[in-house]
Amino acid sequence: MKRILSLTFVVFTFYLSGCMESKKATSSAISFADNIVVAHRGAWKKNHLPENSIASLREAVRIGCSGTEFDVHLTADDTLIVNHNRDYAGLMIEKSTYAQLAATKLSNGETIPTVYEYLTEGIKQKTTMLVLELKPSIIGKERGRQLAEKVIAQVRQLKADRWMMYISFDLDILKRILELEPNAKVAYLNGELSPAQLAPDKIWGIDYHYNVFRKNTGWIAEAKKLGINLNVWTVNDAADMQWFIDQKFDYVTTDEPELLFELIDKKGK
Ligand code: MG
């Protein structure tokens, strides 16, 4: 009898801790800011911060962007790092080691961020989505797939999946992401495919240069009809921003997030 009682107690305690866990999960729910503003390479321009720095990530969060974009490459020794260009400090990133690249600081004194460092900072907040651009590999398609695999492994290790959107000019990289994470938000950047052409690949969104949408205005309605999200880059001019606001885009990616906030505030959103 005593044994049954103690077993009941153990089961009940286990049940209670389960309830507490799920309550904790609910209270830590992420709620991204309700606006269309995605800071391109972080919010760097106004305050002269380096693009793709941790400081620019923090500033995008501070000013309330719903998303902040950053660019990712894989070094020769398999470190994921955040930088726009294929080269950094005169070195080709994919042909260099992390130690070689880290020897040169960013202009604000930061070391070139690893994706581990960037995501670790990014998941300290719950209002700004982390828009990770996987850069096509100059080495080849296989290295591009490895980049996708290492990004997903890093996101899983940090339990950062709920913050992530993935974008790339390389459709095969996005397809690899979807093989590993079928529910991932992935958006294609290159601009040559219509929403209908991308729909079979279960692409979450299209994120095209603004001239692509200007030339193919029909794609906007087509994407909406297919349930494909709409993002556009890189819109820095107020009149252009207004056009995409009027077209009811889901996101607008910009180097001037402060200007875009002024426009949407005027409209009362
Ligand atoms: Mg980018």
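A. How the structure looks around the nonpolar core. Met164 and Tyr166 are the most contacted members of the largest nonpolar core, which totals 61 residues. Element by element, the count of residues in this core is highest for helix α5 (residues 141-158), at 6 residues. Apart from the residues lying within four places of it in its own chain, the contact partners of methionine 164 are Phe70, Leu119, Met129, Leu130, Leu132, Val155 and Lys185. Among the nonpolar cores identified, the runner-up in size contains 8 residues, and Val131, Met165, Ala187 and Leu189 belong to it.

B. Fine view of the pairing of strand β9 (residues 205-209). For β9, a buried count of 4 out of 5 residues is recorded, marking the element as mostly surrounded by other parts of the structure. Where strand β8 (residues 186-188) lies against β9, 2 bridges are found, and the strand directions are parallel. Bridge assignment links tyrosine 188 to a residue of β9, and that residue is isoleucine 206.

C. Representation of empty space enclosed by the protein within the structure. One pass over the structure, following the stated rule, counts 1 cavity of 30 Å³ or more. Taken as a whole, the largest cavity encloses approximately 30 Å³ of empty space. His73, Leu74, Glu94, Lys135, Pro136, Ser137, Arg143 and Leu147 are the residues that line the largest cavity. Of all elements in the fold, only β2 (67-74) and α5 reach the threshold of two or more residues within the lining of the largest cavity. For the lining of the largest cavity, a count of residues per class yields 3 nonpolar, 2 polar and 3 charged.

About the cut-offs
- Residues numbered from 1 in each chain as written.
- Predicted model: local features only at pLDDT ≥ 70, side-chain atom pairs only at ≥ 80, totals over all residues.
- Heavy atoms only, no water.
- Core = buried A, V, L, I, M, F, W, Y, C linked by side-chain atoms within 4.5 Å.
- Buried < 20%, exposed > 50% of the residue type's maximum accessible area, 1.4 Å probe, protein only.
- Helix = DSSP H or I, 4+ residues; strand = E, 2+ residues; numbered from the N terminus.
- Contact = heavy atoms within 4.5 Å.
- Pairing = 2+ DSSP bridges.
- 1 Å grid on protein atoms, 1.4 Å probe; cavity = no way out; pocket = protein on both sides within 12 Å on 5 of 7 lines; lining within 4 Å.
- Points joined across faces, edges and corners; volume = space filled by probe spheres on them.
- Nonpolar A, V, L, I, M, F, W, Y, C, P; charged D, E, K, R; others polar.

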